[in-house]
Amino acid sequence: MFRTLRPGQLAIDIAVPSVLFMAGFVFYSGQSFQMVVILLGMCGALALRRLAPTLSLGVAWITSISQMLLLLPPDPANLAIPIVLYSAASYGSRAIRWLSLASAFVGAALIAGYVVLAPAGIAAVGIGLNPGSFAGDLTPIAQVTVGLFVFLAFAAFFGLAWTAGVLMRTWRKATESRQAQLIAERDVVVEQERNRIARDMHDVVAHSLAVVIAQADGARYALAADPDSADQALRTISSISREALADVRVLLGQLRFQQAEGPQPVMADLDRLYDQLRGAGLEVVVHEHGVPHPVATGSQLAVYRIIQEALTNALRHGDHRAPIEVHLDWLGPQLQLWVVNRSKVELPKAGTGHGLAGMNERATLAGGRFGTTLLDGRFTVYAAIPYTTAGVPA
């Protein structure tokens, strides 16, 4: 029944009716105790209008009916009624909202009947009022006409207040929905950024560590038999570690400052990537079919990362006695690539690790497609990447 209000709203809803009651109490205290009670009821309904719309509507109804039963004249305190109707439509439940609409028409009918019939009742109880001061001296047809006019006037007045409450409720709900939509969109953007950083971090760290581990193992075995090879392996470890550290620093900077640019390798860096893997003991054979086309930066990044991850997986899980073949096909409307290696392990299951999922996501974001096969012990990574990413949704 009771709604949660902010401290400022609660303070206003208590302070304003309190001031109105004190002002009315000074005016009515020497005239009529009954009007003080009516004033208290209307101010109480105002104080509860947002905290408890149902209770506020009930208090307003009880106070109004009591005022009519006591045959009291209309009072400025009755202006609280349209405010209560507005609040019931704006803050009340669905049932209270429609109940308040019905009460607006019922209240208008009671007011019309009170205005037309009350003077005769007042004269009947002998309190000294002239029935002609209201509508007692009118003909029945005139009384019906006056009553209908009063009913329409108050029904329109109360209905306008109720409609304003419904419109405010609709506007408030639309504002809340818009805010929720903005928060959801922001969360989606943040999640996409986190996924992008996670992909870059995985590509950089996984590749670099795989090469470092391979070189370290080779240096350890070659240290006694071939010191020069061990020295070269250590140089490679040093170089790759520095590059990985620089990339990781940039990626960590992106976590602090979203406007920072992450490492963006392109296809021109593929030769250096092949050399790193060859230095780690892999035999990488590259075949290019057709004449290379200009490739958009986003597509180049996707191609580089897919080949990098495929070669890293070959380094970690492949049979190093067989060469790794990289095929780049420029003959079709898209750049097609294959990375084929002899595998020592089964094809990873869907959902295990981030490598295959990351390659698939990069190909999809570039507007291409991705797939893998394991046939006769040969593991193949395939991707088709458009030459341009123009028009591809991010």
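Residues numbered from 1 in each chain as written. Predicted model: local features only at pLDDT ≥ 70, side-chain atom pairs only at ≥ 80, totals over all residues. Heavy atoms only, no water.

So, the pairing of strand β4 (residues 369-375)
For a regular strand, the rule is simple: side chains alternate between the two faces of the sheet. In this structure, β4 lies alongside strand β5 (residues 378-386), joined through 7 bridges in antiparallel fashion. Considered in β5, the bridge of glycine 371 is made with tyrosine 382. (Pairing = 2+ DSSP bridges. Helix = DSSP H or I, 4+ residues; strand = E, 2+ residues; numbered from the N terminus.)

Quick look at the environment of valine 381
Inspection of the secondary structure puts valine 381 in strand β5. Taking the C-alpha atoms as reference, valine 381 lies 6.5 Å from valine 340; in sequence the two are 41 residues apart. Here valine 381 is in contact with Ile306, Ala310, Leu337, Trp338, Val339, Met359, Phe370, Gly371 and Thr372, once residues within four sequence places are set aside. (Contact = heavy atoms within 4.5 Å.)

Here we look at the packing of helix α1 (residues 7-28) against helix α2 (residues 33-47)
Packing of α1 against α2 brings their axes to within 9 Å, and their N-to-C directions diverge by 170 degrees. Viewed along their axes, α1 and α2 adopt a mutual orientation that is roughly antiparallel. Where α1 abuts α2, its residues Asp13, Pro17, Leu20, Phe21, Gly24, Phe25 and Tyr28 lie against Met35, Val36, Leu39, Leu40, Cys43, Leu46 and Ala47. Here the residues of the contact of α1 with α2 sort into 12 nonpolar, 1 polar and 1 charged. (Axes fitted to C-alpha atoms, helices over the stretch in contact; angles between N-to-C directions. Parallel < 35°, antiparallel > 145°, perpendicular 65-115°, else oblique. Nonpolar A, V, L, I, M, F, W, Y, C, P; charged D, E, K, R; others polar.)

Thoughts on the sheet that holds β5
One open sheet holds the 5 strands; their spatial order is β1-β2-β3-β5-β4, and the pairing between them is mixed. Each having just a single partner strand, β1 (284-289) and β4 make up the two edges of the open sheet. Between one strand and the next, the sheet's axes are offset by a mean angle of 15 degrees, whatever the strand orientation. Here β1 pairs with strand β2 (residues 324-329) via 6 bridges, running parallel. Across the sheet, the residue bridging to glutamate 288 is leucine 328, located in β2.

Here's the deal with the packing of aromatic side chains
Summed over all chains, the structure comprises 6 aromatic pairs. Relative to phenylalanine 158, the ring of phenylalanine 154 has its centre 5.8 Å away and its plane inclined at 55 degrees; by these criteria the two rings are tilted. Separated by 4 residues within a single helix, phenylalanine 154 and phenylalanine 158 lie in helix α6 (residues 140-225), roughly one turn from each other. According to the relative accessible area criterion, phenylalanine 158 is buried, its value standing at 5%. Ring geometry for tryptophan 338 against tyrosine 382: centres 5.4 Å apart, planes inclined by 45 degrees, an arrangement best described as tilted. Of this pair, tryptophan 338 sits in strand β3 (residues 334-342) while tyrosine 382 sits in strand β5, and the two are 44 residues apart along the sequence. The class of tryptophan 338 is partly exposed, set by a relative accessible area of 26%. Residue classification places tyrosine 382 among the buried residues on the basis of a relative accessible area of 18%. What links up through ring pairs into an aromatic cluster is the set Phe154, Phe157 and Phe158. (Phe/Tyr/Trp six-rings, centres within 6.5 Å; stacked < 30°, edge-to-face > 60°. Buried < 20%, exposed > 50% of the residue type's maximum accessible area, 1.4 Å probe, protein only.)

Brief notes about the nonpolar core
Where a protein is soluble and globular, its nonpolar side chains tend to be buried together. Judged by nonpolar contacts, the single largest core of 39 residues is most densely connected at Leu277, Ile306, Ile307, Leu311, Leu337, Val339 and Val381. Those elements giving two or more residues to this core turn out to be α6, α7 (227-256), α8 (270-279), α9 (297-317), β2, β3, α10 (355-365) and β5. Sorting elements by how many residues they give to this core places α9 first, with 9 residues. Contacts of leucine 311, omitting those with residues within four sequence positions, involve Leu273, Tyr274, Leu277, Leu282, Ile324, Val326 and Val339. (Core = buried A, V, L, I, M, F, W, Y, C linked by side-chain atoms within 4.5 Å.)

With respect to helix α4 (residues 80-91)
The terminal C-alpha atoms of α4 lie 16 Å apart, and with 12 residues this matches the ideal 16 Å at 1.5 Å per residue to within 8%. Counted residue by residue, α4 has 10 buried out of 12 residues, so it is predominantly covered. (Expected span 1.5 Å × (residues − 1).)

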